[in-house]
Each structure stands twice: as structure tokens, then as C-alpha cells.
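Single-letter residue listing:
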Amino acid sequence: MISVKELTFSYEGYEKKVLKDISLEIPEGGFVGIIGPSGAGKSTLTYALNGTIPHHYKGEYYGHVVVDGKDTFDVSLTDLAVSVGTVLQDIDSQMVASIVEDELLYGLENFGVPKEEIPARVEEALKLIGIRDLKDRKIAGLSGGQKQKVAIAAILALRPKVLILDEPTGELDPQSSYQIFKLLRRFNREYGMTIIVVEQKIMLLCEFAKELVVMEKGTIRYQGPVRTVLEHAQELEEIGINCPRIVTLSDALAEEGIGSGRICLNMDEMESYIQELRNEAAL
Ligand SMILES: Nc1ncnc2c1ncn2[C@@H]1O[C@H](COP(=O)(O)OP(=O)(O)OP(=O)(O)O)[C@@H](O)[C@H]1O
Ligand SMILES: [Mg+2]
């Protein structure tokens, strides 16, 4: 579905290579979390995936990015936008309309969604994100978190094959962040939508993502299934990514001679692990 081959990029006018020889394969229906320190190149990688690089941001570009069978270098941004929807990190630069409903309508009308389908799509997206009450509000008067929800609703309404979100929960409280990730999982499972999300809240990635990409200084330090990447807890900590306590807890128990140190990614897994340990102890 997405294939990045030996991608190296520096922004026009800057010598620094912001992406260095990046290679990455994301299958259709993947759910990939991208994490890494500030300035690692996470947003730049999302620009390369949705074609903003090289079409909008110019620079020195080596390598290939193929999305949904299209080399991003060869097709226009408009053609790419049919397959790839993006929620930007800078949410204000994302908004095109002044009223919430119009923000959703804009995309739907421009992407050739049949006219009779549009009202239902708007209603559905607003309802899913839980912002029906914002429908007639002015975007300028919304909080950062509300704007984030509007941007996500507007993109979800388009049902793209690939959805890229750059820190979509940055302005959201923990409960709304969790809700958004639950929705992403639903779209991933029900529609096979490929999800690529830059997210600093590692606990959310542990719970929802299938694969992790860890970026540092323009390179991919680790990539693979979440569990496999988290085996590098110590190295991750050295680059400023603190694994959730739940991930390191089983290791700590193993050091005390309890259990095998199997990584648990969430409370459900930890509960069944502890149950297994108790059963073993009772034998
Ligand atoms: N439009 C631009 N022009 C020139 N340099 C840029 C531009 N955007 C980003 N950079 C530089 O590229 C590097 C990577 O930035 P990028 O925004 O991709 O990192 P990031 O991992 O998304 O960081 P953050 O976690 O802060 O969002 C940084 O050194 C940044 O200064
Ligand atoms: Mg960024």
C-alpha cells in the first residue's frame, strides 16, 4: 500500500538532511504509530507520504514514495488526496472554512462525493466524533481541542484509504484522546482504512497501534510490531521515549524471579499475565 525506498530529503535553502535514507513498508489495513523526539522528522515524513513533499515543500529529494500504486513524485497533490487524507499538526493551517459544517462540506463537495450522500456523511462524521452541537459554530471561536475534532471529522467524512494524523490529540484531554483512537481502530477494522499516526502518548500507541516507527535525527531507529519495538525499552529511554510502566513492569518482576518478563501492552494483557502467574504459583 505504501512503500518508501531510500528517501533522503532536505528543505530548499537548508543543507541539513531532515530525512536520511528512510525505507518503510506499510501494508493495506496497517495501523502505524510514529514516535520520536521533537525535530526527528516525523512531520516531514508525513509530508513525504501525502505528497506535500515534493509538490508543496521543495528541496533536495532522493528515493521513492509509492502510495496506493502512485509514485508521489509523478502524480499531482489532487490525485493523491483521493487516496490519502491528512490531519496536520498545525490545525489552524488545515481549516479552509469559517463554519464547522462548511469545513466538512468543502471536502465532500470537492472530492466528488454524490450530492445526495453528503448530508448523511456530514451527520455521521459529526456524530462519530461527538461534535454535533458544534455544527453551526464559527471555527475561529473554538478551542484547540474542538478544532482538532472538526479537522478529524472533516477528513473521516471523506473515508480516505489512508489516513495520516500528525499529533491529533495534542490539544485533547485524555478521555477525548482515547475516544479518537477508538474511532481510528474502528475505521481501521471496519473499512480497512490504513492509519498512520504521529503520537507522543505512547500508552495510546501501545493500546491501539499494530506497528511502531521510532524516528530520531532523520532516521528510523526501530520499526516493527509494537511489542518487538518495545523490547528496546532501555534504548528508547535514552532517546527520550519513556515506555509505559506497564511495559517495564513484567521485566522488573522477571528480575525478581517472577515470570518470563513477557511484555504487556495494556491493562487487559497485564491482567491475564498476572492471572497466569497466579495459576502457576498455585500448582
Ligand atoms: N518548512 C520547513 N523548512 C525548513 N526546515 C524545516 C521545515 N519544517 C521542518 N523543518 C526542519 O526539519 C527538521 C524536522 O522537523 P519536523 O517538523 O519534521 O520534526 P518533528 O519530528 O515533526 O518535530 P515535532 O515533534 O516538534 O513536531 C527540523 O530540524 C525542522 O527545523
Ligand atoms: Mg511534527
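Cut-offs used in this document
Residues numbered from 1 in each chain as written. Chains lettered and ligands numbered in written order. Predicted model: local features only at pLDDT ≥ 70, side-chain atom pairs only at ≥ 80, totals over all residues. Heavy atoms only, no water. Helix = DSSP H or I, 4+ residues; strand = E, 2+ residues; numbered from the N terminus. Rg over C-alpha atoms; globule rule 2.2 N^0.38 Å. Buried < 20%, exposed > 50% of the residue type's maximum accessible area, 1.4 Å probe, protein only. Pairing = 2+ DSSP bridges. Axes fitted to C-alpha atoms, helices over the stretch in contact; angles between N-to-C directions. Contact = heavy atoms within 4.5 Å. Near = heavy atom within 4 Å. Polar contact = N/O pair within 3.5 Å; in protein donor to acceptor, adjacent residues only side chain to side chain. Areas by Shrake-Rupley, 256 points an atom, 1.4 Å probe, with all protein chains shown as cover. Nonpolar A, V, L, I, M, F, W, Y, C, P; charged D, E, K, R; others polar. Core = buried A, V, L, I, M, F, W, Y, C linked by side-chain atoms within 4.5 Å. Domains from an automatic or database assignment. Donors = N, O, S within 2.8 Å, 3.2 Å for Na, K, Ca; no water. Lys, Arg positive; Asp, Glu negative; His and termini not counted. Salt bridge = Lys/Arg side-chain N within 4 Å of Asp/Glu carboxyl O.

**A short note on the overall build of the protein**
- The number of helices and strands found in the protein is 13 helices and 10 strands.
- The globule rule puts the C-alpha radius of gyration for 283 residues at 19 Å, and the 20 Å found for the protein is close to it.
- Across its three principal directions, the C-alpha atoms of the protein cover 65 × 45 × 35 Å.
- Counting all 283 residues of the protein, 49% fall into the buried class.

**With respect to the sheet that holds strand β9 (residues 211-216)**
- The strand order across the open sheet built from six strands is β6-β7-β8-β3-β9-β10, with neighbouring strands paired in mixed fashion. Each having just a single partner strand, β6 (84-87) and β10 (219-225) make up the two edges of the open sheet. In this sheet, adjacent strand axes meet at a mean angle of 15° when their direction is disregarded.
- Sheet contacts for helix α1 (residues 42-50): β3 (31-35), β6, β7 (162-166), β8 (194-198) and β9; angle to β7, the most-contacted strand, approximately 155°.
- Along the sheet, helix α7 (residues 144-156) makes contact with β6 and β7, crossing β6 at roughly 175°.

**Some points on the site of ligand 1**
- Lining the immediate surroundings of ligand 1 are 16 residues, of which K16, S38, G39, K42 and T44 lie closest.
- In this structure, an oxygen atom belonging to ligand 1 sits 3.1 Å away from a main-chain N or O atom of A40.
- Out of a free accessible area of 630 Å², ligand 1 has 69% covered by protein chains.
- Considering every element that reaches the shell around ligand 1, the biggest residue donor is α1, with three residues.
- Counted by class, the shell around ligand 1 contains six nonpolar, seven polar and three charged residues.

**What about the nonpolar core?**
- Ranked by size, the top nonpolar core spans 63 residues in total, and within it L104 and L230 carry the most contacts.
- When residues of this core are assigned to their parent elements, the largest contribution, seven residues, is made by α7.
- Two domains share this core, each providing at least three of its residues, namely domain 1 (2-232) and domain 2 (244-283).
- Core analysis: the next-biggest nonpolar cluster, separate from the first, contains 26 residues, V4, I34, L49 and M215 among them.

**Considerations on helix α5 (residues 100-110)**
- Buried residues of α5: V100, E103, L104, L105, G107 and L108, and no others.
- Contacts made by the buried residues of α5 are with α4 (91-94), α6 (118-129) and α7.
- G112 occupies a position one or two residues after α5 and carries a positive phi of about 70°.

**Details of the coordination of the magnesium ion (ligand 2)**
- Coordination of the magnesium ion (ligand 2) by the protein comes from S43 (OG) and Q89 (OE1), over a distance range of 2.0 to 2.1 Å. Of the two residues, S43 is situated in helix α1 and Q89 in the loop between β6 and α4; the sequence distance between them amounts to 46 residues.
- Its relative accessible area of 41% is what places Q89 among the partly exposed residues.

**Some words on the sheet that holds strand β1 (residues 2-11)**
- Strand order in this open sheet of four strands is β2-β1-β4-β5, and the pairing throughout is antiparallel. Strand pairing shows two members of the sheet lacking a second neighbour, β2 (19-26) and β5 (70-71), which therefore form its edges.
- Across two bridges, strand β4 (residues 59-67) lies against β5 in antiparallel orientation. Paired with V67 across the two strands is K70, which belongs to β5.
- Where α1 meets the sheet, it contacts β1, β2 and β4, and its direction lies at approximately 120° from that of β1.

**Considerations on the side chain of K149**
- Tracing the chain through its elements places K149 in helix α7.
- One buried charge, K149, has no salt-bridge partner; the nearest side chain with opposite charge is D173, at 5.6 Å.
- If we skip the residues at most four places from it in the chain, K149 touches I129, I131, L172 and S176.

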